[in-house]
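Chains, contacts and geometry: an overview
Letter by letter, the chains look like this.
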Amino acid sequence: GQQVMQIPQYQHVQEGEDFTTYCNSSTTLSNIQWYKQRPGGHPVFLIQLVKSGEVKKQKRLTFQFGEAKKNSSLHITATQTTDVGTYFCAGGTYKYIFGTGTRLKVLA
Amino acid sequence: DTGVSQNPRHKITKRGQNVTFRCDPISEHNRLYWYRQTLGQGPEFLTYFQNEAQLEKSRLLSDRFSAERPKGSFSTLEIQRTEQGDSAMYLCASSLGPPAGGLYEQYFGPGTRLTVT
């Protein structure tokens, strides 16, 4: 069945440093969604990418969808302590398979 | 608060007992999803509904699990003869779906944490 992997599993950065998480699917995706889950919370939708090669920005966050629609990335510029949490990608059409997540810790 | 509510928030049960969880989605959302999440893992897809129709159920899901969405509104997830391995956070999410256009972002509820002793 479809698998969605994310790397790295954990990332500790100093506040102000950049952060990137990568998402790879075993199959071509019709679209990909990104979610953030704070410790003790539930996943919160960040963005959806649909088109091959699509790039979207939200303030300090940049999302990319690969040309082959099998991979995606999330880049955070100049991390802040409020960025702490686990970032999940989720690929699918009508049902979504979530990735393994990247847990981000920001050291002040 | 996303507008998706789940009850109960916590459930402790003994092995072998049956449990039922409820999810109330955002009223205009026609899609409803159930996921299971264990510590350090991503949400694992269990099943999803489009209105009242259950369109897919994970092949990994035991026959002890059943879900319903009568009248296309709230949904229930029942686990029969619970096992210790069922201990997890059970998340419900809702979204718009076809024929509505736009993004089909999922709004998650706070989850029901199940502990099987």
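Residues numbered from 1 in each chain as written. Chains lettered and ligands numbered in written order. Predicted model: local features only at pLDDT ≥ 70, side-chain atom pairs only at ≥ 80, totals over all residues. Heavy atoms only, no water.

A word on the interface of chain A and chain B
- Each partner contributes to the interface: chain A provides 18 residues, whereas chain B provides 21 residues.
- Summing both sides of the interface, chain A and chain B together bury roughly 1600 Å²; the carbon and sulfur share of this comes to 55%.
- Sorting the residues of chain A by area buried against chain B places H42, Y94 and F98 of chain A first, and these three jointly supply 32% of that buried surface.
- Joining chain A to chain B, the criterion identifies 5 residue pairs in polar contact (both at pLDDT 80 or more).
- Secondary structure elements with two or more residues in the side of chain A that touches chain B: strand 4 (31–37), strand 5 (44–49) and strand 10 (96–98) of chain A. (Contact = heavy atoms within 4.5 Å. Buried area = accessible area lost by both parts, 1.4 Å probe. Polar contact = N/O pair within 3.5 Å; in protein donor to acceptor, adjacent residues only side chain to side chain. Helix = DSSP H or I, 4+ residues; strand = E, 2+ residues; numbered from the N terminus.)

Concerning the packing of aromatic side chains
All names here are of chain A.
- One pass over the full model with this rule turns up 14 aromatic pairs over all chains.
- Geometrically, the ring pair formed by Y35 and F45 is edge-to-face, given 5.7 Å between the ring centres and 75° between the ring planes. One end of the pair, Y35, is in strand 4; the other, F45, is in strand 5, and 10 residues separate them in sequence. Each member of the pair, Y35 as well as F45, carries the same accessibility label: buried. (Phe/Tyr/Trp six-rings, centres within 6.5 Å; stacked < 30°, edge-to-face > 60°. Buried < 20%, exposed > 50% of the residue type's maximum accessible area, 1.4 Å probe, protein only.)

So, the environment of G40 of chain A
- If you trace the backbone, G40 of chain A turns up in the loop between strand 4 and strand 5.
- Considering only alpha carbons, one finds G40 of chain A and G85 of chain A, 45 residues apart in sequence, at a separation of 9.5 Å.

What about the side chain of Q50 of chain B?
- Within the secondary structure, Q50 of chain B is located in strand 5 (residues 44–50).
- Beyond its immediate chain neighbours, meaning those up to four positions away, Q50 of chain B contacts N30, R31, L55, R69, G97 and P98 of chain B.

Some remarks on the nonpolar core
- Within the largest apolar cluster, 34 residues are counted, with the highest numbers of intra-cluster contacts made by W34, F63 and F98 of chain A together with Y35 of chain B.
- With 19 residues, the next largest nonpolar core counts F21, C23, I26 and A67 of chain B among its residues. (Core = buried A, V, L, I, M, F, W, Y, C linked by side-chain atoms within 4.5 Å.)

No statement about biological role is implied by the geometric values presented.
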